[in-house]
Amino acid sequence: MAGPTEDQNPVLEIDGTLINQTNNNNNDSNSSSNSKGKEKAVVLVGEENSQNQSDREMASIHRSGSRPQLDLSKAAIQGNFEEKDPTILLPNQSDDISHLALDIGGSLIKLVYFSRHEDRPIDDKRKKTIKQRLGISNGNRRSYPILGGRLHFVKFETAKINECLDFIYSKQLHRGGMDSRHWNPEAPANNDIVIKATGGGAYKYTDLFKERLGVSLDKEDEMDCLVAGANFLLKAIRHEAFTHMEGHKEFVQIDHNDLFPYLLVNVGSGVSMIKVDGDGKFERVSGTNVGGGTYWGLGRLLTKCKSFDELLELSQRGDNRTIDMLVGDIYGGMDYSKIGLSASTIASSFGKAISDKKELEDYRPEDISLSLLRMISYNIGQIAYLNALRFGLKRIFFGGFFIRGHAYTMDTISFAVHFWSKGEAQAMFLRHEGFLGALGAFMSYEKHGLDDLMVHQLVERFPMGAPYTGGKIHGPPLGDLNEKISWMEKFVLKGTEITAPVPMAPPGTTGLGGFEVPSSKGGTLRSDASALNIGVLHLVPTLDVFPLLADPKTYEPNTIDLADHSELEYWFTVLSEHLPDLVDKAVASEGGTDDAKRRGEAFAHAFSAHLARLMEEPAAYGKLGLANLLELREECLREFQFHDAYRSIKQRENEASLAVLPDLLMELDSMSEETRLLTLIEGVLAANIFDWGSRACVDLYHKGTIIEIYRMSRNKMQRPWRVDDFDAFKERMLGSGQRKPHPHKRALLFVDNSGADIVLGMLPLARELLRRGTEVVLVANSLPALNDVTAMELPDIVAEAAKHCDILRRAAEAGGLLVDAMTNTLDGFKGSPPSVPLMVVENGCGSPCIDLRQVSSELAAAAKDADLIILEGMGRALHTNFNAQFKCEALKLAMVKNQRLAEKLIKGNIYDCVCRYEPAR
């Protein structure tokens, strides 16, 4: 999860300016098929004559007659609260940007739009100090109000284009996406706005756009947009590509340095096969007229279906063996093993219709649909593989209207490629494949900045009301909190099952969202059941890959494999059982008001719906790990404006722990060096028991005070622990015999919980490292998650602790943590020798876990001189990163507070301890 954020979803802050750009000559000719069944790409970009700037209060925004541009350079993360429209923040972006791209097909309209809102920058002296010390440059910062925004993906039915136009108008996307709260409806209209568009819809609906929105359409080349969109997604989205065989999805990590060349197979009404050699370098090398239009046309004639979706749904209930001639039909049920054909291989599509004495009405429409689907899919797969073989291409990506995330379609294409390549090639599909044209069109502006983004700089979120991508239901996202709550209150409850409604624009509305329950009964598979949801794409240029990972390409953060259905079901149960307690804490954190109770209930319904969706389709939101589930829960809390559910609990536990810290430090100082080091590690493990995310630990809170529980836990610390590398760590710290090791230069301490965990566990350990001359960087969450301490809270905790400790005091001063925090000083500090610094950096996350492929830029900068990493707590050292390997020394410390995790990971029991030391590689 990315840095300090909106509500607080990580968002994008961008330093940059819009640079005028000359228009390229546009090819208005439609170079590809204009058939109704094939989706076209249309770009809509709000532009405004610069002479009219003064006419509008909000238009302190430069717009030229040519293309406005989005520059994502030199960005920094900034926090803000969610209002009506979730956004990607663009601080210092004084100019407006191109806000809208459309892909208008014969059946669907796809929008990619950029929303924004304003917020005030936060004056964080800790950040300024740490940036100066670590040499992090802000670039040319401005004092302008922060403009923020996010990339949203939405779709409508083309037949309901007026709802799409209403949606654009309601958000003023054609005028640069003005927030409706600040838009002045009496401002004179600008009749010179030009919207860029591509595809058949750009021609068909030109007059309608002019009539309804007062804009002119300018066309972009469709295939340019298609390839640009595919290139961006494959380079920038980690879990974009996946394979699909026999109903099983597996996400494929694409090395963006080894992406080209590849074959892009776009299956619309017909099929285009495009050899892509690089950005802007592609060639249509082949194709076939047997595509989606063929399936829909023949299917309509043979089955009388009235829609493409109805035809696909029929295929799921079909049995093609009643109409297709199989190899087994020819060879008496036997395989033709000599040439590698199994008995179930289709020898001739519709072949049995030759010999059967039946008429069309004697065949089930379901069987006809499936036979037709397989015939066309196999044909496309075979031609695609032969073209890949012809050009020596390793990768084949399929997309287009015909695919639509449909499981049977992907399975048949995959089978064909696998069969003809003898398993040497795989068909791959794209999660955002329906939005390639619209996204590519959005990127058609020079120097928009997206080209420079890397995979670690994009984060996808799945708020309630994000567009639902499968089946017949389309519509805009729900942005307003009250609208979301009303929507959640309409959930249909059936026992323990929650059926999630899907945003839909009902007839007569303005396209701003509505309610409909998907028709899913019994064991019948919905046509959209295999569809992969599309979320809101956050561009966060300030995220970096943690530089101390031994091999970022092979790094996998998640320790628990949720591909195991029993594992998935177990953790879903754990999260569901913890939900009532979490709701109580969240409501209490907001004063227990009626509004908080209503939001709490809505959050519970929303998160339960997420779990239900993921139980039905674990790959719906991309590759799923336990860390993703825990992060999703925190995001959902923030979406319903619960910013820190455990705020009061953290404050109470911090105060209780700080009260006994002086006695603990005095006790530690009376010990020998060896005894003190063991006691410190024991203290970290004992204090890690305080975890409100663990049911076992929540039960403990009812049995004593925080200090009583800490003492009980510490008294039970008996070696050997379940994973016990303390002796190796002790030798590295203290040496053996006459050999005295050199101290570490800089240690990164990834801290976990508030209260005793940080105050009585990690701070004393940090103090010991400082005593030995090691710089210490405390790495904490950017955003609250359960009772985890945050980077914003740590300076005050350190300041209070430093009142009782010379070592902490001087180190905190050296690290810039006591700029304003200390009001009382201790005697005797004047003239003290300079200390190594104690610093605090945020990790870029708002989750109990951490994915080290996406960390804050300040953490990445701090890591460059570090030679020791200490990961503490179940989330960061067990749920994630237990198997992570680093270039420097690493110490992983945690108490296991879940019996199943203990059994799976360390073959132990609950409350067992892990002290895992790994020397530098």
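Each chain carries its own residue numbering, running from 1 in the written order of its sequence. Only residues with pLDDT of at least 70 are given local features in this predicted model, and only at 80 or more are side-chain atom pairs given and counted; all residues enter the totals for whole chains, interfaces and linings. Side-chain measures here rest on the full set of heavy atoms in the structure, leaving out hydrogens and waters.

We now examine a nonpolar patch on the surface. A surface patch of nonpolar side chains, amounting to about 320 Å² of accessible area, comprises Ile 330, Tyr 331 and Met 334. Each helix corresponds to a stretch of at least 4 residues labelled H or I by DSSP, and each strand to a stretch of at least 2 residues labelled E; elements are numbered beginning at the N terminus. In this structure, Ile 330 sits in helix α8 (residues 327-330). Exposure classes here rest on a 1.4 Å probe applied to the protein chains alone. A residue is buried below 20% of its type maximum, exposed above 50%, and partly exposed in between. When its relative accessible area of 48% is taken as the criterion, Ile 330 is described as partly exposed. Patches were defined on residues exceeding 30% relative accessible area and lacking a salt bridge, with like-charge contacts within 9 Å and nonpolar side-chain contacts (Val, Leu, Ile, Met, Phe, Trp, Tyr) within 5 Å. The protein chains shown are the only cover counted for residues, whose accessible areas, like all others here, come from Shrake-Rupley with a 1.4 Å probe. One speaks of a salt bridge when a side-chain nitrogen belonging to Lys or Arg is within 4 Å of a carboxyl oxygen belonging to Asp or Glu.

Now for helix α23 (residues 794-802). Judged by how many residues are buried, α23 sits mostly within the fold: seven of nine residues are covered. Buried residues of α23: Leu 794, Pro 795, Ile 797, Val 798, Ala 799, Ala 801 and Ala 802, and no others.

This brings us to the sheet that holds strand β30 (residues 913-918). A pair of strands is treated as paired once DSSP finds two or more bridges between them. What the seven strands build is an open sheet, ordered β23-β30-β29-β28-β24-β25-β26; its pairing is mixed. The open sheet has two edge strands with one neighbour each: β23 (723-724) and β26 (838-842). The pairing of strand β24 (residues 746-750) with strand β25 (residues 775-780) spans five bridges and is classified as parallel. In the strand pairing of β25, Arg 746 is matched with Glu 775.

Our focus in this paragraph is the pairing of β25. For β25, a buried count of six out of six residues is recorded, marking the element as mostly surrounded by other parts of the structure. Here β25 shows two buried faces, one formed by Glu 775, Val 777 and Val 779 and the other by Val 776, Leu 778 and Ala 780. We call a crossover right-handed when, viewed with both strands directed away from the observer, the connection leading from the first strand over the helix to the second proceeds clockwise. With helix α22 (residues 756-771) bridging β24 and the parallel β25, this β-α-β connection has right-handed handedness. Taken together, the five bridges between β25 and β26 define a ladder with parallel strand orientation. Considered in β26, the bridge of Val 777 is made with Met 839.

Aromatic rings in a pair are described by how distant their centres are and how their planes are angled relative to each other. Note on aromatic pairs: the rings of Phe, Tyr and Trp (six-membered ring only in Trp) are paired at centre separations within 6.5 Å, and the planes decide the class, stacked below 30 degrees, edge-to-face beyond 60, tilted for the rest. Tallied over the entire structure, the rule returns 17 aromatic pairs. Ring geometry for Phe 242 versus Phe 251: centroids 5.8 Å apart, planes at 55°, classification tilted. Under the relative-accessibility criterion, Phe 242 is labelled buried at 2%. Residue classification places Phe 251 among the buried residues on the basis of a relative accessible area of 14%. Feature note: the residues Phe 242, Phe 251, Phe 398 and Phe 429 constitute an aromatic cluster, connected by ring pairs.

The next subject is the nonpolar core. Among soluble globular proteins, nonpolar side chains are generally buried collectively. To define a nonpolar core, start from buried Ala, Val, Leu, Ile, Met, Phe, Trp, Tyr and Cys residues and group those joined through side-chain atoms within 4.5 Å. If you look at the biggest cluster of nonpolar residues, it comprises 65 residues, and the most contacted ones within it are Ile 681, Leu 749, Leu 778, Leu 838, Ile 870 and Leu 893. The leading source of residues in this core is α22, at 10 residues. Note on contacts: a residue pair is in contact if any heavy atoms of the two residues lie within 4.5 Å. Among residues more than four places away in sequence, those in contact with Leu 749 are Met 762, Ala 766, Leu 769, Val 776, Val 777, Leu 778, Val 779 and Ile 870.

Here the focus is the state of the cysteines. Criterion for a disulfide: a pair of cysteine sulfur atoms at a distance within 2.5 Å. For the structure shown, the criterion picks out zero disulfides. Cysteine Cys 915 remains unbridged, with the sulfur of Cys 913 as its closest cysteine sulfur at 9.2 Å. What makes Cys 915 buried here is its relative accessible area of 0%.

A few words on the sheet that holds strand β12 (residues 271-278). With respect to topology, seven strands assemble into an open sheet ordered β10-β9-β17-β16-β11-β12-β13, the strand pairing being mixed. In the strand order of this sheet, the two ends are held by β10 (248-252) and β13 (281-288), each with one partner. The sheet shows a mean angle of 35° between the axes of neighbouring strands, taken without regard to direction. Where strand β9 (residues 241-245) meets strand β17 (residues 427-430), two bridges bridge the pair, whose relative direction is antiparallel. Following the sheet pairing, Phe 242 is matched in β17 by Phe 429. Of the strands in this sheet, β9, β16 (396-399) and β17 are in contact with helix α11 (residues 407-420), which crosses β9 at around 85°. Simply put, an axis is a line fit to the C-alpha atoms, just over the touching stretch for a helix, and the angle between two N-to-C directions goes from 0 to 180 degrees.

This part takes up the environment of Ala 604. In this fold, Ala 604 is placed in helix α15 (residues 594-616). Its relative accessible area of 18% is what places Ala 604 among the buried residues. Note: C-alpha distance between Ala 604 and Val 583 (21 residues apart in sequence) is 7.0 Å.

Of all six residues that make up β30, five are buried, and the element is covered over most of its length. Of the strand pairs in this sheet, β23 and β30 are connected by two bridges, and their pairing is parallel. Each residue of the ladder has a partner; that of Val 723, found in β30, is Val 914. Where strand β29 (residues 889-895) and β30 come together, six bridges link them in antiparallel fashion. By the bridge assignment for β30, Met 895 is matched with Cys 913.

Here the focus is the pattern of salt bridges. Tallying each qualifying case throughout the model produces 42 salt bridges. Asp 724 serves as the salt-bridge partner of Arg 719, at 2.9 Å between the closest nitrogen and oxygen. Classification of Arg 719 by relative accessible area gives partly exposed; the value is 34%. What makes Asp 724 partly exposed here is its relative accessible area of 22%. One connected set of salt bridges, linked through shared partners, spans Asp 669, Glu 673, Arg 676, Arg 767, Glu 768, Arg 771 and Arg 772.

Glancing now at the side chain of Arg 676. In this fold, Arg 676 is placed in helix α18 (residues 673-687). Those residues in contact with Arg 676, other than ones at most four positions away along the chain, are Leu 668, Met 671, Glu 768 and Arg 771.

In the contact formed by helix α6 (residues 292-303) and helix α10 (residues 365-391), the axes pass within 10 Å of each other and the chain directions differ by 160°. Considering the angle they form, α6 stands roughly antiparallel to α10. Relative to α10, α6 is oriented so that their crossing is right-handed. In contact with Thr 294, Tyr 295, Leu 298, Gly 299, Leu 302 and Thr 303 of α6, α10 contributes Pro 365, Ile 368, Ser 369, Leu 372, Leu 373 and Ile 376. Of the residues assigned to the contact of α6 with α10, the class counts are eight nonpolar, four polar and no charged. Every angle not falling under 35 degrees, over 145, or within 65 to 115 is termed oblique; those three ranges are roughly parallel, roughly antiparallel and roughly perpendicular. Whether a crossing is left-handed or right-handed is set by the direction in which the near helix is turned from the far one by less than a right angle, anticlockwise for left-handed and clockwise for right-handed. Lys, Arg, Asp and Glu make up the charged group, whereas Ala, Val, Leu, Ile, Met, Phe, Trp, Tyr, Cys and Pro make up the nonpolar group; the residues left over, Gly among them, are polar.

Glancing now at the packing of α22 against helix α24 (residues 806-814). The interhelical angle for the contact between α22 and α24, taken along N-to-C directions, is 75°, at an axis separation of 10 Å. As the angle between them shows, α22 and α24 are arranged roughly perpendicular. Contact residues: Arg 767, Leu 770 and Arg 771 in α22; Ile 807, Leu 808 and Ala 811 in α24. For the contact of α22 with α24, a count of residues per class yields four nonpolar, no polar and two charged.

Here we take up the confidence of the model for the chain. The pLDDT averaged across the chain works out to 76; a share of 72% of its residues lies at or above 70. pLDDT measures the predictor's confidence residue by residue and takes values from 0 up to 100. Contacts from residues 178-185, a stretch scored under 50 in pLDDT, to residues over four places away or in other chains number 18 contacts. This stretch, residues 491-530, has a pLDDT under 50; its non-local contacts, to residues over four places away or in other chains, come to 101 contacts.

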